[in-house]
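Now for the letters of each chain:
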Amino acid sequence: MIFSNNRLGKFIRNGRQDLKLTQEQLAEKLNCNLSYLGNIERGKNIPSLKLFCRIIQILSLSADEFIHQNLHAEDSTYLVYCRNAHRKSLRFFWKMPEH
């Protein structure tokens, strides 16, 4: 199983840049640490489910759009979404199709 946060980070960064927001402005709107947001955009951290929902709301993004884009990714992988009930965190996994 391949674990990737990079696509989620790029999706968030592109949404932020489309609205011409700086990381500082978005971090302020989210009431989160600037370096944490930067790490999310670089794929080093994954936002909590709550923070992810706030991000897509502020950026007028769609979780469905993110999933749809990645279900049709060029590398022919498919998306599996998992949520850790104890940490309420969001995890995205790409699993190579079995032949």
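The rules we used
Residues numbered from 1 in each chain as written. Predicted model: local features only at pLDDT ≥ 70, side-chain atom pairs only at ≥ 80, totals over all residues. Heavy atoms only, no water. Helix = DSSP H or I, 4+ residues; strand = E, 2+ residues; numbered from the N terminus. Buried < 20%, exposed > 50% of the residue type's maximum accessible area, 1.4 Å probe, protein only. Polar contact = N/O pair within 3.5 Å; in protein donor to acceptor, adjacent residues only side chain to side chain. Core = buried A, V, L, I, M, F, W, Y, C linked by side-chain atoms within 4.5 Å. Contact = heavy atoms within 4.5 Å. pLDDT = per-residue confidence, 0-100. Salt bridge = Lys/Arg side-chain N within 4 Å of Asp/Glu carboxyl O.

Trainee: What am I meant to see in the environment of Thr22 here?
Mentor: Along the chain, Thr22 turns up in the loop between helix H1 (6–18) and helix H2 (23–30). You can call Thr22 partly exposed: its relative accessible area is 33%. Polar side-chain contacts of Thr22 include one of 3.3 Å to the side chain of Glu24.

Trainee: Got a minute to help me understand the nonpolar core in this structure?
Mentor: A general tendency of soluble globular proteins is for nonpolar side chains to be buried together. Leu8, Ile12, Leu30, Leu37, Ile55 and Leu59 are the most contacted members of the largest nonpolar core, which has 18 residues in total. Where this core is concerned, the elements lending two or more residues are H1, H2, helix H3 (34–41) and helix H4 (49–58). Setting aside residues up to four positions removed in sequence, Ile12 forms contacts with Ile40, Glu41, Ile55 and Leu59.

Trainee: I would appreciate a short explanation of unusual backbone geometry in the present structure.
Mentor: Most peptide bonds take the trans form, and the phi angle of most residues other than glycine is negative. Backbone geometry places Asn31, a non-glycine residue, at a positive phi of 55°. Note that Asn31 resides in the loop between H2 and H3. Although it is not a glycine, Ser60 sits at a positive phi angle of roughly 55°.

Trainee: I tried to follow the confidence of the model for the chain on my own but got confused; where do I start?
Mentor: Should the pLDDT be low somewhere, the predicted coordinates at that spot are not to be read in detail. Scored by pLDDT, the chain comes out at a mean of 77, with 66% of its residues at no less than 70. In this model, residues 75–83 is a region of pLDDT below 50 whose contacts with residues beyond four sequence positions or in other chains number 34 contacts.

Trainee: Before we go on, may I ask you to explain the pattern of salt bridges in this structure?
Mentor: Oppositely charged side chains can pair when the atoms bearing their charge come close. This model, assessed by the stated rule, comprises 2 salt bridges. Close ionic contact of Arg13 with Glu41 constitutes a salt bridge, the shortest N to O distance being 3.9 Å. Here Glu41 lies in helix H3 and Arg13 lies in helix H1, a separation of 28 residues in the sequence. Judged by relative accessible area, Arg13 falls into the partly exposed class, the value being 24%. We classify Glu41 as buried; its relative accessible area is 2%. With a shortest N-O distance of 2.7 Å, Glu41 and Arg16 are connected by a salt bridge. Of this pair, Glu41 sits in helix H3 while Arg16 sits in helix H1, and the two are 25 residues apart along the sequence. The pair formed by Glu41 and Arg16 is uniform in burial state, with each residue classed as buried. Via salt bridges that share partners, Arg13, Arg16 and Glu41 belong to a single interconnected network.

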